[in-house]
Amino acid sequence: MLEVSAITQVFGGVTALDDVSFCAAKGAITGVIGPNGAGKTTLFNIITGIYRQTSGRVTLEGKDISGLPPERLARRGLVRTFQNIELFGGMSVLENVMVGLHTKSSSGVLSCALKMPWSIAEERRIRTEAMKWLEFTAIADLADVTAGNLPFGKGRLLEIARALAVGPAIILMDEPAAGLNSRETLALARLIQAIREMGITVVLVEHDMELVMDICDRIVVLNLGKKLAEGTPREIQENPEVIAAYLGEG
Amino acid sequence: MKRELLKFLAFSALVLLAPLLFKGGYLMNVLVFVGINTMLAIGLNLLLGYAGQISLGHAGFFGLGAYLSGILTASYGLDPWLVMPLAAIAVGCLAFLIGFPILKLRGHYLAMATLGLGIIIYIVFNETVELTGGPSGLSGIPNLSIGATTFDTDIRNYYLIWTFTLVIVLLAVNLTNSRVGRALKAIHDSEVAARVMGVNARLLKVQVFALSAVISSLAGSLYAHTMTFVSPASFGFNFSIELLTMVVIGGLGSIYGSFLGAALLTLLPELLRGAQDYDIVIYGALLMAMVMFMPGGLVRGVPELVRKVTRMKGRPDHA
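Predicted model only: the values in this text are computed from it and were never measured.

Colleague: Help me out: how do you make sense of the overall build of chain B in this one?
Modeller: Each helix and strand in chain B was counted, giving 14 helices and four strands. Relative to the compact-globule value of 20 Å for 319 residues, chain B shows a C-alpha radius of gyration of 20 Å, a close match. For chain B, with 319 residues in total, the buried portion stands at 49%. Sequence-distant contacts in chain B: of pairs separated by 6 or more residues, those separated by 24 or more amount to 76%.

Dropping the structure here:
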């Protein structure tokens, strides 16, 4: 379980997040929604160790992970994807996923340069496992393509494959449906559900309401840096405050 | 992987057979420098072409290796073969320690910091006269020798230097096609994504900085024993820039590109000697043209040029 408690983030004089708390239950899909500027991405950046919060705590399975850098979080099983996909553009699709297996391998500079037998064996294992994740996300046929040349939708899938390769307990997705057409969004919804089926906790920030209402078990609504509401999709849809915030009333 | 091995074997054969073509002579001496510069360019390319971190101070590490070997063997009479690895380790440790604060910087700021580092090292060579001989240099550095064979001729030095160069080429090719090489390229393409994947970008950058300093130091030791004389002028800012040019002209992120860049920039001034006073102008113009028309470096530009030319030839005439 991911628990965010009393997170406040101040940038200069601006309070981007004000005392935000919520829980993402283990094995569930939790959606974080809100109008532009609500603080969703800031919240994500804090949870994933990109920013350091002004105050508040983040815990994963009861252990404090506040302020840990992303590379340490990856080893704790927390991984994320980005709104403007961050691929390793100069590398092949397969190699991108192989980087995802970095923490599951250990050959250092010396044994790699000397091509020690165990490094060769490890390399082979990484390649096979990376291929498996490409098959899972249905982009195995693109394995040798340079990642920078991928169409946007495939790039999204690659980013998810790469994140899954890390072997996460929880995956945070920042607007995974942004820039996807309706067919791709539908496939994405199925993929996210399949990820949950594997026992991986999913937290997503999303603008596509249909997707959020369709697949999320619980939804957290942010507005102007504060938590406005939390509940099941049905509760959120019927919440007058949420409706007001979205229609821009008040 | 098989292809990498074949490429390396072909390259080794070329290196072994090259002296037969030139039959000793002046050019052999230049080819020795091609070997040394190839090592240096590979070292810098690991940092710049793979990890995407710039250094304008690499001549300093090259100089440190050269002076450590020179001073400890010429003035203190230590065994050159013992000093060489010790110097490399010392320079590597120094780079590791400096790397931690310095590699926090990015882009222009990192360029400035490494530039400063190179200048400081250069000043130390000039000012510690009792150790280094100051601006007039340090002479009397012994040649390397194995058993009864002393490496004191161009042809012997050629094989000595290129043995080291080939080993470094092989290790660098292995490294760049491995888990570590991928992590370096990942940092280059998107540092934040690399970190999210669990790559300790901070540490890895420092490690590759140290590794490239170790390679530079090794090249420096070999340089000192080949030349038997070193002076600060060889390790100044100009040479750092020349190294950078080799890496870029040859091809960022390509080990064999580093060889091409080193070969071109070492041979070109010799080939242009006939042009006398105009050599520097032609040299500059050629470099500009190459950067403009082969932005991927020689290693990518030349094959493309060949493809274009053969396609033109293959096209039927419109007569």
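Colleague: What is the right way to read the overall build of chain A from this model?
Modeller: Counting secondary structure elements, chain A contains ten helices and ten strands. Taking 2.2 N^0.38 as the reference for a compact globule, 250 residues should give roughly 18 Å; the C-alpha atoms of chain A span a radius of gyration of 19 Å, in line with that estimate. Referenced to the eigenvectors of the C-alpha coordinate spread, the extents of chain A come out at roughly 65 × 40 × 30 Å. Within the span of chain A, comprising 250 residues, buried residues form 45% of the whole.

Colleague: Can you walk me through the sheet that holds strand 2 (residues 14–24) of chain A in this structure?
Modeller: Strands in a sheet are paired, the pairing made by backbone hydrogen bonds, and the direction either parallel or antiparallel. All names here are of chain A. Pairing is antiparallel across the open sheet formed by four strands, whose spatial order is 2-1-4-5. Both edges of this open sheet fall to strand 2 and strand 5 (63–64), since each of them pairs with a single strand only. Where strand 4 (residues 55–60) and strand 5 come together, two bridges link them in antiparallel fashion. Each residue of the ladder has a partner; that of leucine 60, found in strand 5, is lysine 63.

Colleague: How do you make sense of the pairing of strand 8 (residues 201–205) of chain A when you look at a structure like this?
Modeller: Successive side chains on a regular strand alternate, one facing one side of the sheet and the next facing the other. Residues and elements named next belong to chain A. Across the five residues of strand 8, five count as buried, placing the element largely inside the fold. Where burial is concerned, the two faces of strand 8 agree: the one with Thr201, Val203 and Val205 and the one with Val202 and Leu204 are both buried. Pairing geometry for strand 7 (residues 170–174) and strand 8, over five bridges, is parallel. Across the sheet, isoleucine 170 pairs through a bridge with threonine 201, a residue of strand 8.

Colleague: Explain the interface of chain A and chain B to me, please; I cannot follow it from the model alone.
Modeller: Interface size is commonly expressed as the accessible area that is lost once the parts come together. The interface is formed by 32 residues belonging to chain A together with 23 residues belonging to chain B. Within the residue set of the side of chain A that touches chain B, elements represented by two or more residues are helix 2 (70–75), strand 6 (78–81), helix 3 (93–100), helix 4 (109–113) and helix 5 (117–136) of chain A. Counted by class, the side of chain A that touches chain B contains 14 nonpolar, ten polar and eight charged residues.

Colleague: Would you mind showing me how to read the sheet that holds strand 8 of chain A here?
Modeller: All names here are of chain A. Taking strand neighbours across the sheet as the criterion, the six strands line up as 6-7-8-3-9-10 in an open arrangement whose pairing is mixed. The outermost strands of the open sheet, each flanked by one partner alone, are strand 6 and strand 10 (226–231). For this sheet the average axis-to-axis angle between neighbouring strands, irrespective of direction, equals 15 degrees. Taken strand by strand, helix 6 (residues 152–165) contacts strand 6 and strand 7, and its axis lies near 175 degrees from that of strand 6. Lying over the sheet, helix 7 (residues 182–197) contacts strand 3 (29–33), strand 7 and strand 8, oriented at roughly 150 degrees with respect to strand 8.

Colleague: Whenever I open this one, the packing of helix 3 of chain A against helix 8 (residues 179–189) of chain B confuses me. Can you help?
Modeller: A pair of packed helices can be characterised by two numbers: the angle between their axes and the separation between those axes. Remark: helix 3 of chain A packs on helix 8 of chain B, axes separated minimally by 10 Å, with the N-to-C direction vectors making an angle of 100 degrees. Taken together, the axes of helix 3 of chain A and helix 8 of chain B lie roughly perpendicular to each other. Seen from helix 3 of chain A, the contacting residues are Glu95, Met98 and Val99 of chain A; seen from helix 8 of chain B, they are Arg182, Ala183 and Ala186 of chain B. Class assignment of the residues belonging to the contact of helix 3 of chain A with helix 8 of chain B gives a composition of four nonpolar, no polar and two charged.

Colleague: Whenever I open this one, helix 6 of chain A confuses me. Can you help?
Modeller: In an α-helix there are 3.6 residues to a turn, and that puts residues three or four apart on one side. Residues and elements named next belong to chain A. Helix length check: helix 6, at 14 residues, gives a terminal C-alpha distance of 20 Å against a target of 20 Å (1.5 Å per residue), a fit within 8%. Of all 14 residues in helix 6, eleven are buried, a share of seventy percent or more. Taken together, the buried residues of helix 6 touch strand 6, helix 3, helix 5, strand 7 and helix 7. Positioned one or two residues after helix 6, glycine 167 has a phi angle of 80 degrees, which is positive.

Colleague: What's the story with the confidence of the model for chain B in this structure? I'm lost.
Modeller: Caution is warranted with low-pLDDT regions, since their predicted coordinates should not be read in detail. Of the residues in chain B, 97% have a pLDDT of 70 or more, and the chain-wide mean is 92. Reported confidences for the modelled complex are a pTM of 0.92 and an ipTM of 0.93.

Colleague: Would you take a moment to explain unusual backbone geometry for this structure?
Modeller: Apart from glycine, the bulk of residues carry a negative phi angle, and the bulk of peptide bonds sit in the trans form. Residue and element names in this part refer to chain A. The phi torsion at lysine 115 lies on the positive side, around 50 degrees, for a residue other than glycine. Turning to its location among the elements, lysine 115 is positioned in the loop between helix 4 and helix 5. With a phi close to 60 degrees, alanine 138 is a non-glycine residue in the positive phi region. Its place among the elements puts alanine 138 in the loop between helix 5 and helix 6.

Colleague: What am I meant to see in helix 8 of chain B here?
Modeller: Counting buried residues along helix 8 of chain B, eleven of its eleven residues qualify, which places the element largely inside the surrounding structure. The complete set of buried residues in helix 8 of chain B reads Arg179, Val180, Gly181, Arg182, Ala183, Leu184, Lys185, Ala186, Ile187, His188 and Asp189 of chain B.

What counts as what
- Residues numbered from 1 in each chain as written.
- Chains lettered and ligands numbered in written order.
- Predicted model: local features only at pLDDT ≥ 70, side-chain atom pairs only at ≥ 80, totals over all residues.
- Helix = DSSP H or I, 4+ residues; strand = E, 2+ residues; numbered from the N terminus.
- Rg over C-alpha atoms; globule rule 2.2 N^0.38 Å.
- Buried ≥ 20, exposed ≤ 12 C-beta atoms within 10 Å, placed from the backbone.
- Contact = placed C-beta atoms within 7 Å.
- Pairing = 2+ DSSP bridges.
- Nonpolar A, V, L, I, M, F, W, Y, C, P; charged D, E, K, R; others polar.
- Axes fitted to C-alpha atoms, helices over the stretch in contact; angles between N-to-C directions.
- Parallel < 35°, antiparallel > 145°, perpendicular 65-115°, else oblique.
- Expected span 1.5 Å × (residues − 1).
- pLDDT = per-residue confidence, 0-100.

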